[in-house]
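Each chain, written out:
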Amino acid sequence: MSALTREETQALIQEVLEVYPEKAKKDRAKHLAVNDQSVEQSKKCITSNRKSLPGVMTVRGCAYAGSKGVVWGPIKDMIHISHGPVGCGAYSRAGRRNYYVGHTGVNTFGTMNFTSDFQEKDIVFGGDKKLDKLISEIEGLFPLSKGISIQSECPIGLIGDDIEAVAKKKSKELDKPIVPVRCEGFRGVSQSLGHHIANDAIRDWVIGNRDGDESFQVGPYDVAVIGDYNIGGDAWSSRILLEEMGLRVVAQWSGDGTLSEMELTPKVKLNLIHCYRSMNYISRHMEEKYGVPWMEYNFFGPTKIAESLRKIAAFFDETIQANAETVIAKYTAEYEAIIAKYRPRLEGKRVMLYVGGLRPRHVIGAYEDLGMEVVGTGYEFAHNDDYDRTIKEMGNATLLYDDITGYEFEEFVKKVKPDLIGSGIKEKYIFQKMGIPFRQMHSWDYSGPYHGYDGFAIFARDMDMTINNPCWKQMQAPWQQSAEQEAAPLAASA
Amino acid sequence: MPNVMIRKNDAGDLLFYVAKKDMEETIASVELDDAEQWGGAVELTDGSRWYIDPISPPPAFPTTLRFKRGDE
């Protein structure tokens, strides 16, 4: 099927909206748009970061998910207490595949779940005493933890527990940073506010810890990698490129990151942010307070990697710039071989994406390197500035959808008929049962890394093995197939 | 009177960022912008107008300042 024209896409949106009641239709219409590269400001064509409509199926998470799962969770040498009922912590444990090195349970705690397991009596009488006891127990059992964060779940805000007071008291007692985070799930419209709250907690409780301490030897090429969550090892495959360029990576927030790395970040020369949506707040703060500039980069696919490496190098002197060219040249043969191998198998395939807050625009370049075309993209919890950046990346007359509902996504897919969908686990089985190849783009479908040149090889292989998997030809029962279809596989195998 | 963070973008334009409102706009014009003071009426590219009492000497960007709505 050829690409849809602007009118056809608009008609498609209208058709999908048709089933909604009047009020819901009016609201949802603002979140669906046809991309127009000439638009400078996304707020003129799409509304984002608004409350989801009751009654529609959204895949958004909550503020707790944004803070515990995304920003704080991957800080591996701290213990993150899911303060409240047991479920939030249990269901968010270790599903994100942010890898780390260390001995779990000894000096790192990434895949463990710590919770205060609220019962009725804690709701009625308050949970502060329990929290106090829990922190003492943690200290007894895991003395090598570098700090503790208290991630509030909904009841904490509802009953008005004073976790800050407990944190201050215990912090003094144990001589360790204890960070209370007010990320109750009901705050905000999606996990996005949780990112912001978590960033503010880092600003208030972590960033200033080493002000005035000059014992850290600063170098001229210090950088910090911020917002690379090391999904399947992403941060490692990014880090080697930066190190080959001659830069010194002082901190890795927050994939395989540590508390002391975070504390040292204000001393670097440049902050590199991969996930703008979840980490721009702290970068802005460091720019204002410490004068550390920040820039966004994108390590998906060779085109964007080369672009980003050059952009990063431009901040430094000629040695680094020359090194950047050497690094790009070094990997050229490698990625050209990958493109030569997979491009013929993937050329012209059409992709629809719907992921969190960054990948819907970052992976477009990687798909284009493989000759694939992204025909629809959207975010769960992006804001206007994300769409500003997306509009330029996407082709004209492609679909943009914000906080898409289950129904809309299915209808769009039925009409647009993409060759591949990249989205989350909640969408995966619906679309696979509809017979459409699917990749889980939150945790790379148990694969990865996808960042960097090494990651691109895995990305290309994964896309190929998903799209060209023979199972998609077996979707119809043999007795329902027509005579021609039956003849085709025989001819192919002959 | 929102708190506004003013910073320069790559092109050298001033950006007007209000974290609470999730709004980031480019500043189109500033009434007073010379070696002695900075401020007065500020117009953004989206047409909205804001006001800040002139600051002397001009602040170093990025910085956070309190602005008033210009149409008040």
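The written sequence of each chain sets the order in which its residues are numbered from 1. The order in which chains are written sets their letters, starting at A; the order in which ligands are written sets their numbers, starting at 1. Only residues with pLDDT of at least 70 get local features here, since the model is predicted, and only at 80 or more are side-chain atom pairs given and counted; chain-wide, interface and lining totals rely on the full set of residues.

For chain B, an unreviewed UniProt entry supplies the name Nitrogen fixation protein NifT and the organism Thiocapsa roseopersicina.

By the naming in an unreviewed UniProt entry, chain A goes by Nitrogenase protein alpha chain and is assigned to Thiocapsa roseopersicina.

A. Molecular detail of the UniProt feature "domain: Nitrogenase/oxidoreductase component" (unreviewed entry) in chain A. UniProt positions are given in the numbering used here, feature names are shortened, and annotations may be inferred rather than shown by experiment. The positions that UniProt labels "domain: Nitrogenase/oxidoreductase component" (unreviewed entry) are, in the present scheme, residues 62-467 of chain A. For helices the rule is a DSSP run of H or I covering at least 4 residues; for strands it is a run of E covering at least 2, with both sets numbered from the N terminus onward. As a span, residues 62-467 of chain A carries 49% helix and 15% strand, and end to end its C-alpha atoms are 32 Å apart.

B. Seen up close, the pairing of strand β11 (residues 373-379) of chain A. Residue and element names in this part refer to chain A. Within β11, six of the seven residues are buried, leaving the element largely enclosed by the surrounding structure. Only when DSSP finds a minimum of two bridges between them are two strands counted as paired. The sheet contact formed by strand β10 (residues 350-353) and β11 spans three bridges and is parallel. Bridge assignment links Arg-350 to a residue of β11, and that residue is Glu-373. In the sheet, β11 pairs with strand β12 (residues 399-402) via four bridges, with the strands oriented parallel. Across the sheet, the residue bridging to Thr-377 is Leu-400, located in β12. Three exposure classes are used, based on other C-beta atoms lying within 10 Å of a residue's own C-beta, which is placed from the backbone: buried for 20 or more, exposed for 12 or fewer, and partly exposed in between.

C. Focus on the packing of helix α10 (residues 234-244) of chain A against helix α20 (residues 452-467) of chain A. Residue and element names in this part refer to chain A. Here α10 crosses α20 at 135°, and the two axes come no closer than 7 Å. Between α10 and α20, the interaxial angle falls into the category oblique. Between α10 and α20, the residues in contact are Asp-234, Ser-237, Ser-238 and Leu-241 and Gly-452, Asp-454 and Gly-455, respectively. Put simply, Ala, Val, Leu, Ile, Met, Phe, Trp, Tyr, Cys and Pro go in the nonpolar bin, Asp, Glu, Lys and Arg in the charged bin, and everything else, Gly too, in the polar bin. Looking at side-chain class alone, the contact of α10 with α20 contains one nonpolar, four polar and two charged residues. With axes taken as lines fitted to C-alpha atoms, and helix axes fitted only over the stretch in contact, angles between N-to-C directions fall between 0 and 180 degrees. Angular relationships are summarised with four words: roughly parallel below 35 degrees, roughly antiparallel beyond 145, roughly perpendicular across 65 to 115, and oblique for the angles in between. By the convention adopted here, residues make contact when the C-beta atoms placed from their backbones lie within 7 Å.

D. Representation of the packing of helix α13 (residues 302-313) of chain A against helix α14 (residues 318-346) of chain A. All names here are of chain A. Contact geometry of α13 with α14 gives a least axis separation of 9 Å together with a crossing angle of 170°. The orientation of α13 with respect to α14, classified from their angle, is roughly antiparallel. Between α13, through Pro-302, Ala-306, Leu-309, Arg-310 and Ala-313, and α14, the contact on the second element is made entirely by Ile-320, Gln-321, Ala-324, Val-327, Ile-328 and Tyr-335. Split by residue class, the contact of α13 with α14 holds nine nonpolar, one polar and one charged.

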